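Structural overview for review
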Amino acid sequence: MACEKQTADILRRLGVNGLYKGCDFITSGMSFIHENTASYTPVTKILYPEIARQYNTSTSCVEKNIRMVIETIWKYENNREIIDKIFDTRHSSRRPSNLQFLMSLYRHIESGEFMRQVYDMYKDSFVYTCSSNGRQCESCKEILYMALYHMYQ
């Protein structure tokens, strides 16, 4: 569940919305990868058939719709900073394959980098003053981080 929410949020930040069927396929794929970490490399033999079964469609439809989402993401120039962070495109601006995209996205989510970015985005919106001394403190900041983390669980 948390993996699905994080994936959907990342895809939104990358400029694609839930109207793309590929977003659902990527979200389901991330969830499957999270639950079966040893099974994600052979996308055409395991991942695509699992997603296709879940959505009652063909594996070629799954592959095509994921590719369309990736192409859409790569077309938006205002995504470049986020793309570089997640997909490490400093050395190449070429669109990744579906497998490269899925693996990079999964590593980004699992690394906790997404939660740090969420924390950085929202930390100034919250007041984290200590109830004992009325000042900001590191313990209260950690409590805020954990609250944000649990929002995505």
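Here goes a summary of the coordinates provided. Note that this is a predicted model, so its numbers are computed, not measured.

**Brief notes about unusual backbone geometry**
One non-glycine residue with positive phi stands out, namely Asn56, at about 55 degrees. Locating Asn56 in the fold gives a position in the loop between helix H3 (43-55) and helix H4 (59-75).

**Quick notes on the nonpolar core**
In terms of nonpolar packing, the biggest core is built from 31 residues, with Ile26, Met30, Ile73, Phe101 and Leu105 touching the most fellow members. Those elements that place two or more of their residues in this core are helix H1 (2-13), helix H2 (21-35), H3, H4, helix H5 (80-87) and helix H6 (98-110). Apart from residues lying up to four places away in sequence, Ile73 is in contact with Leu11, Leu14, Val16, Asn79, Ile83 and Phe101.

**Some points on H6**
Its 13 residues place the ends of H6 18 Å apart at the C-alpha level, agreeing with the 18 Å of an ideal helix rising 1.5 Å per residue. Within H6 the residues assigned to the buried category are Asn98, Phe101, Leu102, Ser104, Leu105, Tyr106, His108 and Ile109.

The rules behind the values
- For every chain, the first residue of the written sequence is number 1, and numbering continues from 1 along that sequence.
- For a predicted model such as this one, the threshold for reporting local features is a pLDDT of at least 70, and the threshold for listing and counting side-chain atom pairs is 80 or more; totals across whole chains, interfaces and linings nevertheless cover every residue.
- Only hydrogens and water are removed before side-chain values are computed, so all heavy atoms of the structure are retained for them.
- Secondary structure counts use DSSP, requiring at least four H or I residues in a row for a helix and at least two E residues in a row for a strand, with both numbered from the N terminus.
- By nonpolar core we mean a set of buried residues, namely Ala, Val, Leu, Ile, Met, Phe, Trp, Tyr and Cys, connected to one another through side-chain atoms within 4.5 Å.
- Note on classification: 1.4 Å probe, protein chains only; a residue is buried when its accessible area is under 20% of the maximum for its type, exposed when over 50%, partly exposed between these limits.
- Any two residues whose heavy atoms approach within 4.5 Å at even a single point are treated as in contact.
- The span expected for a helix works out to 1.5 Å for each residue beyond the first.

Shape is all these values report; function is a separate question.
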